[in-house]
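# Notes for the structure review
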Amino acid sequence: QVQLVESGGGLVQAGGSLRLSCAASESIFSFNAMGWFRQTPGKQRELVAAITSGGRTNSADSVKGRFTISRDDAKNLVYLQMNNLKPEDTSVYYCIADHRGYRYWGQGTQVTVSS
């Protein structure tokens, strides 16, 4: 059972930056992929960004050029650097890990962007 713990959320003004971290309970070296989803009440859950074990990344069009996903296998961490934040980025952000045919979820961290 993989456990994921997110941190780094909070309140920031529009145009500001935050870095989310996701700590895994075991080595992420063999994980197929890790990523970040976000869920806002009344909206569909959205894949924000993902990174494979080989380092290939993809991200939603809405965050391209502003958000960057990265991973540190030595520390079992995945990051989401969020720059030029907008009020529409306000959401709960969830870390995910795809491992051995199962998707694991973190508990989520709230990001609020004020205008």
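Placed above this text is the structure.
Within the largest apolar cluster, 28 residues are counted, with the highest numbers of intra-cluster contacts made by L4, M34, W36, L80, M82 and Y93. When contributions to this core are tallied by element, the ones reaching two or more residues are β3 (18-24), β4 (33-39), β5 (46-52), β7 (67-72), β8 (77-82), β9 (91-99) and β11 (109-114). Tallying contributions element by element places β3 first for this core, with four residues. Beyond its immediate chain neighbours, meaning those up to four positions away, L80 contacts L18, R19, L20, W36, V48, A49, F67, T68, I69 and Y93.

All right, on to the packing of aromatic side chains then. Throughout the structure, instances matching the rule amount to three aromatic pairs. The interplanar angle of 75° and the centroid separation of 6.3 Å between the aromatic rings of Y94 and W105 together place this pair among those described as edge-to-face. Within this pair, whereas Y94 is found in strand β9, its partner W105 is found in strand β10 (residues 102-105), the two being separated by eleven residues in sequence. Its relative accessible area of 22% is what places Y94 among the partly exposed residues. Taking relative accessible area as the criterion, W105 reaches 32% and is therefore assigned partly exposed. Through successive ring pairs, a cluster of aromatic residues spans F37, Y94 and W105.

Reading guide: rules and limits
- Residues numbered from 1 in each chain as written.
- Predicted model: local features only at pLDDT ≥ 70, side-chain atom pairs only at ≥ 80, totals over all residues.
- Heavy atoms only, no water.
- Core = buried A, V, L, I, M, F, W, Y, C linked by side-chain atoms within 4.5 Å.
- Buried < 20%, exposed > 50% of the residue type's maximum accessible area, 1.4 Å probe, protein only.
- Helix = DSSP H or I, 4+ residues; strand = E, 2+ residues; numbered from the N terminus.
- Contact = heavy atoms within 4.5 Å.
- Phe/Tyr/Trp six-rings, centres within 6.5 Å; stacked < 30°, edge-to-face > 60°.

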